[in-house]
Amino acid sequence: MTQRKTALITGATSGIGRAFAGRFASMGYDLIVTGRRKALIEAEALEIAERYGVNVSVVIAELPEEGGVRQVLKAIAGCATLAALVNNAGYGIDGLFIERKIEEHIALERVLAEAPMRLVHAALPGMIGRKEGIIINVSSLGAWAPAPVNGIYGGSKAFLNVFTESLHMEVRQYGIRVQALCPGFTATDFHRQMGVEKEMQKRRLYWMEPDDVVGYSMKCLERGKVICVPGLVNRLLRALIAIVPRKMYYRVTEANQ
């Protein structure tokens with residue numbers, strides 16, 4: 001009998017994380033999902049389990065805190081069938097760098113960069129031993145678009161991209177597929193909590209739905225594409241940012257803040 005596979009998805013309460021949970025469940029994977037909002041994520045887990053007939057375990061974890069990361073590391077250590085890891089947990093903070101406490105910036109960096117690095121490090125030995133695995137680090141178009149109030153978020157995502165590409169070159173010999181998923185604006189709680197609901201409505205053509213982002217991610221995975229940017233508009237923006245002279249980019253970006 002074929003052994004069941006398990007996917008671990010952080011930040012699976014809503015948005016892209018929830019869409020990944022549904023996608024892997026539809027492929028027959030059992031799930032370990034993490035989040036902070038206990039009632040909501042447990043309800044989502046029950047719905048997915050009933051819909052797809054898979055086992056879904058929930059880990060409530062605050063990833064800015066050492067104890068939260070250790071809880072997820074414990075789940076990885078206790079899962080002999082872990083075949084996929086999606087590092088999706090994240091958030092943003094508003095305000096200029098100097099306007100926020102340094103502890104807030106450090107906490108953000110821990111969630112966006114340090115936690116994924118530690119979870120990948122814990123998951124890799126089992127994947128290498130089984131000669132297969134999937135690692136998806138959810139990055140952002142912001143990795144190429146520095147802006148005021150975006151330094152820690154964008155910088156952490158830029159780190160995630162380079163880390164993912166380096167990792168790909170290290171582990172592809174073991175049959176492990178690695179991807180940095182770099183969505184632009186996506187209709188999720190992330191942007192709602194950042195207070196951009198009106199912007200979502202005004203510029204709807206530039207926004208994507210989580211299921212579409214995840215669908216494109218899986219296509220990129222099948223094609224072996226390591227840096228995955230869903231959405232034609234987002235790919236054009238990435239190309240434009242690369243060719244615009246930096247002084248011009250700085251002036252335009254500052255003017256639009």
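Note: the structure precedes this text.
These notes cover the structure that comes with them.

A few words now on the packing of helix α1 (residues 15-26) against helix α8 (residues 210-223). Put simply, α1 and α8 touch, their axes get as near as 8 Å, and they point 55° apart. Our classification of the angle between α1 and α8 gives oblique. Viewed along their axes, α1 and α8 form a crossing whose handedness is right-handed. Residues G15, I16, A19, F20, R23 and F24 of α1 lie in contact with α8, whose contacting residues are P210, D211, V213, V214, G215, S217 and M218. Considering only residue class, the contact of α1 with α8 consists of eight nonpolar, three polar and two charged.

When you line up the elements, M169 lands in helix α5 (residues 151-171). Using a relative accessible area of 56% as the deciding quantity, one classes M169 as exposed. The sequence separation of M169 and V226 amounts to 57 residues, and the corresponding C-alpha distance is 10.0 Å.

What follows concerns a positive patch on the surface. A cluster of basic residues, R23, K219, R223, K225, R235 and R238, forms a positive patch on the protein surface. Those elements giving two or more residues to the positive patch turn out to be α8 and α9 (232-243). With respect to the helices and strands, K219 occurs in helix α8.

Every regular strand shows the same layout, with side chains that alternate between the two sheet faces. Across the six residues that make up strand β4 (residues 82-87), a large majority, six, are buried. Two strands pair when backbone bridges link them, and strand β1 (residues 6-9) and β4 are joined in this way by four bridges, in the parallel orientation. Paired with T6 across the bridge in β4 is L82. Pairing of β4 with strand β5 (residues 133-138), which is carried by four bridges, proceeds in the parallel orientation. Each residue of the ladder has a partner; that of V86, found in β5, is I136.

One pass over the structure, following the stated rule, counts ten salt bridges. Its salt-bridge partner being E42, residue K38 comes within 3.0 Å of it at the nearest N-O pair. Of this pair, K38 and E42 both sit in helix α2 (residues 38-52), separated by four residues, roughly a single helical turn. Where E66 meets R118, a salt bridge forms, and the shortest distance between an N and an O atom there is 2.9 Å. In this pair, E66 is assigned in helix α3 (residues 66-77) and R118 in helix α4 (residues 102-130), connecting sequence segments 52 residues apart. Overall, the relative accessible area of 36% leaves E66 in the partly exposed class. Taken together, the shared-partner salt bridges in this structure form one network comprising E66, R70, E114 and R118.

Here is what the cut-offs are and how they apply
- Residues numbered from 1 in each chain as written.
- Predicted model: local features only at pLDDT ≥ 70, side-chain atom pairs only at ≥ 80, totals over all residues.
- Heavy atoms only, no water.
- Axes fitted to C-alpha atoms, helices over the stretch in contact; angles between N-to-C directions.
- Helix = DSSP H or I, 4+ residues; strand = E, 2+ residues; numbered from the N terminus.
- Parallel < 35°, antiparallel > 145°, perpendicular 65-115°, else oblique.
- Left-handed = near helix turned anticlockwise from the far one by under 90°.
- Contact = heavy atoms within 4.5 Å.
- Nonpolar A, V, L, I, M, F, W, Y, C, P; charged D, E, K, R; others polar.
- Buried < 20%, exposed > 50% of the residue type's maximum accessible area, 1.4 Å probe, protein only.
- Patch = residues over 30% accessible without salt bridge, like charges linked within 9 Å, V, L, I, M, F, W, Y side chains within 5 Å.
- Areas by Shrake-Rupley, 256 points an atom, 1.4 Å probe, with all protein chains shown as cover.
- Salt bridge = Lys/Arg side-chain N within 4 Å of Asp/Glu carboxyl O.
- Lys, Arg positive; Asp, Glu negative; His and termini not counted.
- Charge placed at Lys NZ, Arg CZ, Asp CG, Glu CD.
- Pairing = 2+ DSSP bridges.

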